Amino acid sequence: MEKLTVLSGGMGGAKFLQGLLHGLRSGLLPGVAPEAEVTVIANNGDDWWIHGLKVCPDLDTVMYTLGDGIDPDRGWGRRAETWSAKEELAAYGVEPTWFGLGDRDIATHLVRTQMLEAGYPLSAVTEALCRRWLAPGYGDRVRLLPMTDDRVETHVAVEDPDSPSGLRVVHFQEYWVRLRAEVAARTVAVVGLEESRPAPGVVEAITGADLVVLPPSNPVVSVGTILGVPGIREAVRETAAPVVGLSPIVGDRHVRGMAEQMLTSIGVEVSAAGVGLHYGARAAGGVLDGWLVDERDAGQVERVRAGGIACAAVPLMMTDHDATAAMAAAAIELVATQ
């Protein structure tokens, strides 16, 4: 294998990519050439504009993580961040105050916004930003692409007793950051998704891959949104490469994030098998050839297999780079004979 393509959300996907690349450098991935190229197709459906700046949380989390600039404790934003601009905006009474842009992070958003306003598409802007972050460690071996250059924004309907309908629609960032995903999500609406098109290089990265991986990212508002861009799901179904995924649900709970809330909002069972069957087998119109679940969910393996998907149970906790590389190796081995 010389070309790997990963459909990634933010924290979970970025952490998996660290382990995958560690496995490449260390020769831990069976059948994968040490010089293999990795294309990351990142969700940009949770982007939004704030204080006049275009913010792309998942793209930036992947970029900062692979460039060794991420804050390891928070899992997002810059390491050694300061918050003077946020404090000054709050002093002026500028809303929203609940979403903080760090002083270092603002530089990225300023450059991105200026380039977008000059007419560059998001894919070209991302490529320019990655020259700083990816070149020192990975050069031309890793390519980061947004799923689309078009404006797509995720919104969540939550309960609101003061509303005539009993519901209120908020931007995904408000649901995640201000509400901390503690309010029940009734539905998810991704505005602009149906009219969007894959960014340049996205379809080719899928159809030309030797392996396509769905990492343990949110199956609804990360991987699910990527697959919702017209043409991407079709490319995943049609590629000659095997497609393998890793469950973000361990022991019927998400490891981090809000997968439970999002799955519940679309009526999908919160379990490793539930997510795998939600993605579905490629042979039956879905997107998966193989699905890894955690050891503690071994009892669900046969159920996934009955759905036409190769399945195995292995440790799925990304405790360090070696553990994550072992997850990637297990995923490759699962579909090596597909």
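Our subject is the structure listed above.
As a convention, each chain's residues are numbered from 1 in the sequence order in which they are written. Confidence filtering applies because this is a predicted model: local features only for residues at pLDDT of at least 70, side-chain atom pairs given and counted only at 80 or more, and all residues used for totals across whole chains, interfaces and linings. Each side-chain value is worked out from all heavy atoms of the structure, with water and hydrogens disregarded.

Novice: Teacher, can you tell me more about the state of the cysteines here?
Specialist: A covalent bond between the sulfur atoms of two cysteines is what we call a disulfide. Any two cysteine sulfur atoms within 2.5 Å of one another count as a disulfide. What the rule picks out here adds up to zero disulfides. Left unpaired, C56 is separated from the closest cysteine sulfur, that of C130, by 11 Å.

Novice: Looking at this model, I keep getting lost on a negative patch on the surface. Mind explaining?
Specialist: Think of a patch as exposed residues, more than 30% relative accessible area, with no salt bridge, where like charges cluster within 9 Å and nonpolar side chains (Val, Leu, Ile, Met, Phe, Trp, Tyr) cluster within 5 Å. Exposure was quantified through the Shrake-Rupley algorithm and a 1.4 Å probe, taking into account, for residues, occlusion by the shown protein chains and nothing else. Basic side-chain nitrogens of Lys or Arg form a salt bridge, by our definition, when they fall within 4 Å of a carboxyl oxygen of Asp or Glu. Residues scored as positive are Lys and Arg, those scored as negative are Asp and Glu, and His as well as the terminal groups of each chain are ignored. Every charge is mapped onto a representative atom, which is NZ of Lys, CZ of Arg, CG of Asp or CD of Glu. A surface patch of like charges, here negative, comprises E2, E35, E37, D140 and D210. Numbered from the N terminus, helices here are DSSP runs of H or I no shorter than four residues, and strands are runs of E no shorter than two. Turning to its location among the elements, E2 is positioned in the segment before β1 (3-8).

Novice: For this particular structure, what's the right way to read the nonpolar core?
Specialist: Nonpolar side chains tend to gather and get buried jointly when the protein is soluble and globular. To define a nonpolar core, start from buried Ala, Val, Leu, Ile, Met, Phe, Trp, Tyr and Cys residues and group those joined through side-chain atoms within 4.5 Å. Residue burial is assigned from relative accessible area. The probe radius is 1.4 Å, only protein chains are included, and a residue is buried under 20% of its type maximum, exposed over 50%, and partly exposed in between. Ranked by internal contacts, the top residues of the largest apolar core, which has 53 residues, are Y175, L214, Y279 and W291. Among the elements that make up this core, the one with the highest residue count is helix α12 (residues 272-279) (four residues). The next biggest cluster of nonpolar side chains, apart from the first, holds 48 residues, and it includes V40, W133, M318 and I332.

Novice: What is the right way to look at the packing of aromatic side chains in this model?
Specialist: Aromatic ring pairs are described here by two measures, namely the spacing of the ring centres and the angle between the planes. Pairing of aromatic rings covers Phe, Tyr and the six-membered ring of Trp, with a centre-to-centre limit of 6.5 Å; geometry is then stacked below 30 degrees between planes, edge-to-face above 60, and tilted otherwise. One pass over the structure, following the stated rule, counts five aromatic pairs. With a centroid separation of 5.6 Å and 20° between ring planes, the pair formed by W48 and W98 is classed as stacked. Taken together, the residues W48 in strand β3 (residues 48-50) and W98 in the loop between α3 (84-91) and α4 (103-117) connect sequence positions 50 residues apart. A relative accessible area of 24% means that W98 is categorised as partly exposed. Taking the centre distance of 5.0 Å and the plane angle of 65° together, the rings of Y64 and W133 count as edge-to-face. Here the residue Y64 occupies a position in helix α2 (residues 57-66), and W133 occupies one in helix α5 (residues 122-133), the gap between them amounting to 69 residues. Sitting above the plane of the W76 ring, R74 keeps its charged end 4.2 Å from the centroid. We call a charge positioned above a ring when the Lys NZ or Arg CZ atom is no farther than 6 Å from the ring centre and deviates by at most 35 degrees from the ring normal. For the cation-ring pair, R78 lies above Y64, with the distance from its terminal atom to the ring centre recorded as 5.7 Å.

Novice: Would you mind going over the pattern of salt bridges with me for this structure?
Specialist: Pairing is possible between side chains that carry opposite charge, provided their charged atoms lie close to one another. Per the stated rule, a full pass over the model turns up 15 salt bridges. For R112, the salt bridge goes to D60, with nearest N and O atoms at 2.4 Å. One end of the pair, R112, is in helix α4; the other, D60, is in helix α2, with 52 residues separating them in the sequence. The same class applies to R112 and to D60, which are both buried. A salt bridge links D68 to R79, with the shortest nitrogen-to-oxygen separation between them at 3.3 Å. Highlighted residues: D68 in the loop between α2 and α3 and R79 in the loop between α2 and α3, separated in sequence by eleven residues. Of the residues examined, R79 reaches a relative accessible area of 35% and is grouped as partly exposed. Ionic contacts of the salt-bridge type, sharing partners, join the residues D160, R168, E174 and R178 into one network.

Novice: I tried to follow the sheet that holds strand β8 (residues 185-191) on my own but got confused; where do I start?
Specialist: Each strand in a sheet pairs with its neighbour through backbone hydrogen bonds, running either in the same direction (parallel) or in the opposite one (antiparallel). Pairing in this open sheet of three strands is antiparallel, and the strands run β7-β6-β8 from one edge to the other. Edge strands, defined here as strands with exactly one partner in the open sheet, are β7 (167-171) and β8. If you compare each strand with its neighbour and ignore which way they point, the axes differ by 25° on average. Between any two strands, at least two bridges found by DSSP are needed for them to pair. Pairing between strand β6 (residues 153-159) and β8: six bridges, direction antiparallel. Bridge pairing in β8 places E153 opposite V191. Between the N-to-C directions of two axes lies an angle of 0 to 180 degrees, each axis being a line fitted to C-alpha atoms and, for a helix, fitted only over the stretch in contact.

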